[in-house]
Amino acid sequence: MKRFLGFALSAILLCACNEQNAKENAAKNSPAEISQNETSKNAVIYYSQTGTTKKVAEEFSKQLSAKIFELKMVTPYPSTYDSTIAAVKRERESKTHPTLQNAKLNLTSFDTLYIGYPIMFGTFAPPIYTFLDSNNLSGKAIVPFCTYGSGGRLASAHEIQEIETNANVLIAFGISHKRANNSAVNVADEIKNFIDKVRAGAKEEILVGAYSEERALTQDDSAAFIAATKDYAYLNLKPLAVSSQVVAGTNYLFKCTMQAFGAPETLVSVKIFAPLPNQGEPQFIEMMKN
Ligand SMILES: Cc1cc2nc3c(=O)[nH]c(=O)nc-3n(C[C@H](O)[C@H](O)[C@H](O)COP(=O)(O)O)c2cc1C
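Throughout what follows, the structure given in this document is the object of discussion. What you see as residue numbers is a count from 1 along each chain, following the sequence as written. Under the rules for a predicted model, residues below a pLDDT of 70 receive no local features and side-chain atom pairs below 80 are neither given nor counted, while totals for whole chains, interfaces and linings still include all residues. With hydrogens and water set aside, each side-chain value is computed from the structure's full complement of heavy atoms.

**Quick look at the packing of aromatic side chains**
Okay, so step 1: Aromatic contacts are taken between Phe, Tyr and Trp rings whose centres are within 6.5 Å, Trp giving its six-membered ring; a plane angle under 30 degrees counts as stacked, one over 60 as edge-to-face, and the others as tilted. Taken as a whole, this structure holds 14 aromatic pairs when the rule is applied.
Okay, so step 2: Considering the side-chain rings of tyrosine 47 and tyrosine 77, the 6.5 Å spacing of their centres and the 85° angle between planes classify their relative orientation as edge-to-face. Separated by 30 residues along the polypeptide, tyrosine 47 in the loop between strand S1 (42-46) and helix H4 (52-64) and tyrosine 77 in the loop between strand S2 (67-70) and helix H5 (81-93) bring together distant segments of the chain.
Okay, so step 3: Both rings, one in tyrosine 232 and one in phenylalanine 284, keep their centres 3.8 Å apart while their planes meet at 10°; by these two values the pair is stacked. Taken as a pair, tyrosine 232 in the loop between helix H10 (219-228) and strand S8 (238-247) and phenylalanine 284 in strand S11 (residues 283-289) lie far apart in primary sequence, 52 residues in all. Phenylalanine 284 matches tyrosine 232 in its accessibility class, with the two residues each being buried.
Okay, so step 4: Taken together, the ring pairs in this structure connect Phe60, Tyr114, Phe145, Phe173 and Phe194 into an aromatic cluster. The numbering of helices and of strands both runs from the N terminus, where a helix is a DSSP run of H or I of at least 4 residues and a strand a run of E of at least 2. For the exposure calls, accessible area comes from a 1.4 Å probe over protein chains only, and a residue counts as buried if that area is under 20% of its type's maximum, exposed if over 50%, partly exposed in between.

**Let's talk about the site of the ligand**
Okay, so step 1: Close to the ligand lie 23 residues, the nearest being Ser48, Thr50, Thr53, Ile119 and Thr147.
Okay, so step 2: In the model, an oxygen atom of the ligand is placed 2.8 Å from a nitrogen or oxygen of the threonine 52 main chain.
Okay, so step 3: Only the protein chains shown count as cover for residues, with accessible areas throughout obtained via the Shrake-Rupley method and a probe of 1.4 Å. In isolation the ligand exposes 640 Å². Once the protein is present, 95% of that is buried.
Okay, so step 4: When contributions to the shell around the ligand are tallied by element, the ones reaching two or more residues are H4, H5, strand S3 (112-120) and strand S5 (141-148).
Okay, so step 5: When residues are grouped by polarity, Ala, Val, Leu, Ile, Met, Phe, Trp, Tyr, Cys and Pro land in nonpolar, Asp, Glu, Lys and Arg in charged, and all others, Gly among them, in polar. Partitioning the shell around the ligand into residue classes produces 9 nonpolar, 13 polar and 1 charged.
Okay, so step 6: Domain delimitation in this document rests on an assignment produced automatically or drawn from a domain database. Here the shell around the ligand gathers at least three residues from each of two domains, domain 1 (8-199) and domain 2 (219-289). Whether a residue is near a molecule or strand depends on its heavy atoms: if one lies within 4 Å, it is near. Counting of polar contacts relies on pairs of N or O atoms within 3.5 Å, with two restrictions inside protein: one atom must be capable of donating a hydrogen and the other of accepting it, and residues adjacent in sequence are counted only when both atoms are side-chain atoms.

**Regarding the nonpolar core**
Okay, so step 1: Membership of the largest hydrophobic core comes to 55 residues, with the highest contact counts inside it found for Leu107, Phe131, Leu235 and Leu237.
Okay, so step 2: Per element, the largest residue contribution to this core is 5 residues, and it comes from S3.
Okay, so step 3: Shared between two domains, this core takes at least three residues from each, and those domains are domain 1 (8-199) and domain 2 (219-289).
Okay, so step 4: Leave out the neighbours within four places in its chain, and leucine 237 touches Phe225, Thr229, Cys256, Thr257, Met258, Val268, Val270, Phe284 and Met287. Nonpolar cores are built from buried Ala, Val, Leu, Ile, Met, Phe, Trp, Tyr and Cys residues. Side-chain atoms within 4.5 Å join them into one set. Only heavy atoms matter for contacts: two residues are in contact if any of them lie within 4.5 Å across the pair.

Have a look at this one:
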């Protein structure tokens, strides 16, 4: 069995790769694995609990003309949010992954796998661990896509690359469930633009230029922080200071204390991206240990 990434907090911290890892991962990205004959070479594989990721997965499959596989749990998570939180916590504490009806897939004819999931506790939902454990993805190109409350795209993509060291994780797509289910948002267009980027061999952006000096939080900083961490309440993050960088939107680096899952308080840095007005909500990008 591949390495179990464990209890929620350690999973989150493992996801919280540093800048160097981000650069190394980005440098590995190569369009070479993307076949010219995409129609037969792409597959979409996803898990969805409440249907948002399913919707996004079906759009990917349609636009790529790709075969689609839904990962199904033998015993699905309960139907309410709170009881699902409790069930996922129990799994993590007992170091088990859920059993799937169809964990092992025949993927030999595909070279690019679009793998979709909801973010749960800062990373991909547990059925994805079962899928990764059950299949040999060496040599595959992987395009992660996710839906979330307030973020987790990059952290989850980094964790896939950490587990699948012999696969090549390309850029990742993410969208909040609020936007994915808002009929005023053209999700199909966002997916199309993203697929175009994959085809062009785009890499995760490595931002050049420095962050500002650390400063006390302004009202705008606090608003971005609150919006981007609303689904990370379990981390008990308290922002102490912030630095920022204006790009097409704003990158924030918040220095915070974190106290989660009974562990002692620690200092962490939380990266948040706030898009330009009307281009989406602030997103939780990743968290780094100080
Ligand atoms: C157990 C659980 C944990 C979650 N953890 C996070 C989280 O850490 N960060 C986040 O932004 N959203 C989190 N969410 C929200 C889901 O990622 C979001 O609702 C997603 O769109 C659900 O996708 P689905 O409809 O495909 O199941 C969590 C939801 C559940 C049920």
